[in-house]
Amino acid sequence: MMNAAPSHVSSLKLDALAMDALSPQERDATQAHLDACLTCRTRAEELASHRRHFTAYVLPRADRLPTRVSPWGPRWRWWAPALALSSAVVLLLVLVAVPRPPEEPQYALKGGAALQLFAHRGERTWKVEEGEALAPGDQVRFVVEGLGLPYVLVVSVDGAGQVSTYFPFGGTESGLLPSRGMPLEIPGSVVLDSAPGPERVFALFSRKPLSFESVAPALRELSAGGADVIRDRARLPVPAGAQASFLFEKTQP
């Protein structure tokens, strides 16, 4: 009987290895696999190249983002991108556009414009499922795919009536994506507060920057509709070239 071919290492685990976020046993096993598998070793080298590009060319721009407290108060905190990159608890999830092995589609964003959330709690980092309940204190990061459109504005509305802008943080218009045509992690993370209810996040992609004021009325109308409307409505009537949304629930503390 022939032995089954060993499964490939996921991009998430490759990033965890690079960030020294694996247990000693997982680290040794993953490194042993890379030594024997040209496919995974090549993907690891490509991920490392993207990390170097991110550090050299993206962070100098991202460091100019405001570091003041969010105008919506202490409900959310935005971590400086440099701190997020240096922290062992937040993984860099820049996904490269190379063929994926069949066993890891859960880490890929496919099809049209897309928005995916990744959460961190304690020692665990995972991909959040649509509608999943998250807890106060969970750290959340965003991965987007904008069909090659160069600008994105990431905004949200929750059941408590709060309207927030997450990228660019505190900005008045869309931010320029550092690269196009592949899933990309937005710098920085947010920490969930203790207010329960639905939260819907929108990624609005465009060829030219969108102003926050041009989308704010639609967000406020959605907020006024209450929790059920927030859960049901996945698009905003705004002049974006493409858009994607993601819903999660915030649980009671």
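Rules used in this analysis
Residues numbered from 1 in each chain as written. Predicted model: local features only at pLDDT ≥ 70, side-chain atom pairs only at ≥ 80, totals over all residues. Heavy atoms only, no water. Helix = DSSP H or I, 4+ residues; strand = E, 2+ residues; numbered from the N terminus. Buried < 20%, exposed > 50% of the residue type's maximum accessible area, 1.4 Å probe, protein only. Contact = heavy atoms within 4.5 Å. Pairing = 2+ DSSP bridges. Polar contact = N/O pair within 3.5 Å; in protein donor to acceptor, adjacent residues only side chain to side chain.

Let's talk about the overall build of the protein
Reasoning step 1: If you tally the helices and strands in the protein, you get 6 helices and 11 strands.
Reasoning step 2: Buried residues in the protein amount to 50% of all 253 residues.
Reasoning step 3: By sequence separation, contacts in the protein at least 24 residues apart represent 76% of the contacts at least 6 residues apart.

Section: the pairing of strand S4 (residues 139-145)
Reasoning step 1: Taking burial as the measure, the 7 residues of S4 include 7 buried ones, the bulk of the element.
Reasoning step 2: Where burial is concerned, the two faces of S4 agree: the one with Gln139, Arg141, Val143 and Glu145 and the one with Val140, Phe142 and Val144 are both buried.
Reasoning step 3: Alignment of strand S1 (residues 114-121) against S4, held across 7 bridges, turns out to be antiparallel. The residue bridging histidine 120 from the neighbouring strand is glutamine 139, located in S4.
Reasoning step 4: As defined by bridge partners, S4 adjoins strand S9 (residues 190-191) across 2 bridges and the pair is classed as antiparallel. Pairing of glutamine 139 across the sheet is with valine 191, part of S9.
Reasoning step 5: Summarising the sheet, S4 and strand S8 (residues 184-185) pair through 2 bridges and their orientation is antiparallel. The residue bridging valine 143 from the neighbouring strand is glutamate 185, located in S8.

Considerations on the environment of arginine 233
Reasoning step 1: Within the fold, arginine 233 resides in the loop between helix H6 (227-232) and strand S11 (242-250).
Reasoning step 2: We classify arginine 233 as partly exposed; its relative accessible area is 34%.
Reasoning step 3: Sequence separation of arginine 233 and arginine 200 is 33 residues, and the distance between their C-alpha atoms is 8.9 Å.

Points about the side chain of glutamate 145
Reasoning step 1: Mapped onto the elements, glutamate 145 comes out in strand S4.
Reasoning step 2: Residue class for glutamate 145 comes out buried when judged on its relative accessible area of 9%.
Reasoning step 3: Of the polar contacts made by the side chain of glutamate 145, one reaches the backbone nitrogen of leucine 147; its length is 3.1 Å.

In short, the description is geometric, and any link to function would need to be established separately.
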